[in-house]
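What follows is the residue order along each chain.
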Amino acid sequence: MSKLDDSIQELCPDGVEFKLLEECCEILDRQRKPVTKASRQAGIYPYYGANGIQDYVADYIFDGTFVLVGEDGSVKTSNDTPVVNWAEGKIWVNNHAHIIKEKDGVLLRYLFHYIQTIDIDSLVHGNIPKLTGKDFKQLQIPVPPIEVQREIVRILDNFTELTAELTAELTARKKQYEYYRDSLLRFDNNISIMELKDILTIKNGRDYKHLSKGKYPVYGSGGIMTYVDNYTYDKPSVLIPRKGSLDKLYYVDTPFWNVDTIFYTEINTDLVNPKYVFYFLQNKHLERLNKAGGVPSLTQAVLNKVKISIPNLGVQNRLVDVLDNFEKICNDLNIGLPAEIESRQKQYEYYRDMLLTYAATGSIISSKQASKQASKQASDN
């Protein structure tokens, strides 16, 4: 980082001035337009909400390069920093995301990186979390000389570009896996066809709040919610969301508890390998069975009639072995591309926080410390 060191020592040896965000960019919130899902016309233009692209629509209201920051709903990361997205081209933005555009003196890409370091925990309130326009405009931004901004952006973009390339490769591999899985699970007409009710029993979940903390995971439609001291079922099972993300199935082969937003299954292992059922149902894309007008949902009656191809157990076991190996390459966070992406992201976050606080203060400190210094400076002024 010698080039950055030299620039900082030459251009801002005593640190830099903090400015309000509204002084650093154009805030275009008044130009946003929400459109209900029922009123949207499908098209090619990204429709952005608080945490990214929600849909694609037939028209756009912005054309250019922008930074979007979550306003209400999913507005915070697990580190209490804002949810930030980079958007280019023709887009539509609803009123759940703040939208900013570059103006002279501050690079938009610099703001993109810096806003991701700000601790907004104390600014987000309400039953539906909200970062108001007033608080958003008042965020404190250190503004080093443009040469320093440009060098910081260059360094950090090197990390994000590599992460993007790795993510694109992982996405391609997942598509390859899905194609391979779906191809393997297509059979000729000589294979037995049964309904789900012939090979398994679908069971409802129950509330867990009467239980104590423990070692058994509690599953809902979004995954593991907590851990308790009792379990619903202790044999291999496929968990099928009753509401919400209907395609997000879970295969569980250790004791678990599940709540009423997700079904569990008692599977006849004399007929089928439970993991085979899991893979086959992934191939069925269960969201197509949703008939609800609001929150997507499935019923036992509908699921019981889903047809499943049943080759002999030997064939099922071989298919499971092949698909397990391929899925591990794609999804296991301890190997391959996912681990590399996670490592690069952590590397990016470390250097981002270090570089941006260094440029602002002349010393390497945490982003929370920088925020405190910014607040003190603002009150002194």
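Residues numbered from 1 in each chain as written. Predicted model: local features only at pLDDT ≥ 70, side-chain atom pairs only at ≥ 80, totals over all residues. Heavy atoms only, no water.

(A) Structural context of the overall build of the protein. Along the protein, the regular secondary structure elements total 10 helices and 17 strands. Looking at the protein residue by residue over its 381 residues, the buried ones come to 43%. Within the protein, contacts between residues separated by at least 24 positions form 73% of all contacts whose residues are at least 6 apart in sequence. Taken as a whole, the protein presents about 20,000 Å² of accessible surface, with 47% of it coming from carbon and sulfur. (Helix = DSSP H or I, 4+ residues; strand = E, 2+ residues; numbered from the N terminus. Buried < 20%, exposed > 50% of the residue type's maximum accessible area, 1.4 Å probe, protein only. Contact = heavy atoms within 4.5 Å. Areas by Shrake-Rupley, 256 points an atom, 1.4 Å probe, with all protein chains shown as cover.)

(B) Structural view of helix α6 (residues 274-284). Of all 11 residues that make up α6, 10 are buried, and the element is covered over most of its length. Where α6 begins, one side-chain oxygen reaches toward the backbone nitrogen of Lys275, 2.9 Å away; that side chain belongs to Asn273. Directly beyond the C-terminal end of α6, a positive phi value near 50° is found at His285. (Polar contact = N/O pair within 3.5 Å; in protein donor to acceptor, adjacent residues only side chain to side chain.)

(C) Fine view of the nonpolar core. Leu21, Ile100, Tyr110, Leu111, Ile115 and Ile141 are the most contacted members of the largest nonpolar core, which totals 33 residues. Elements supplying a minimum of two residues to this core: α2 (21-24), β5 (62-70), α3 (108-115), β8 (140-143), α5 (146-184) and α9 (336-361). When neighbours within four sequence positions are excluded, Leu111 is seen to be in contact with Leu21, Cys24, Cys25, Ile100, Val106 and Ile141. Judged by nonpolar contacts, the second largest core, of 28 residues, contains Ile240, Phe278, Leu281 and Ile310. (Core = buried A, V, L, I, M, F, W, Y, C linked by side-chain atoms within 4.5 Å.)

(D) Region of the structure containing the confidence of the model for the protein. Summarising the model, the protein shows a mean pLDDT of 83, and 84% of its residues fall at 70 or more. Predicted confidence for residues 362-381 stays below pLDDT 50, and this span has 22 contacts to residues more than four positions away or in other chains. (pLDDT = per-residue confidence, 0-100.)

(E) The arrangement of the state of the cysteines in detail. Within the structure shown, the criterion is met by zero disulfides. Cys24 forms no disulfide, and the closest cysteine sulfur to it belongs to Cys25, at a distance of 6.4 Å. Judged by its relative accessible area of 0%, Cys24 falls in the buried class. (Disulfide = S-S within 2.5 Å.)

(F) Up close: the pattern of salt bridges. Following the criterion strictly, the structure yields 14 salt bridges and no others. Asp121 is the salt-bridge partner of Lys76, the closest N and O atoms lying 2.7 Å from each other. Taken together, the positions of Lys76 in the loop between β5 and β6 (84-93) and Asp121 in the loop between α3 and α4 (133-137) put the pair 45 residues apart, joining distant regions of the chain. Looking at Lys76, the relative accessible area reads 32%, which means it is partly exposed. The residue Lys197 makes a salt bridge to Asp198 at a minimum N-O spacing of 3.6 Å. Here Lys197 falls in the partly exposed class, since its relative accessible area comes to 45%. Classification of Asp198 as partly exposed rests on a relative accessible area of 39%. Among the ionic contacts, a cluster of salt bridges with common partners joins Arg32, Glu71, Asp72 and Lys130. (Salt bridge = Lys/Arg side-chain N within 4 Å of Asp/Glu carboxyl O.)

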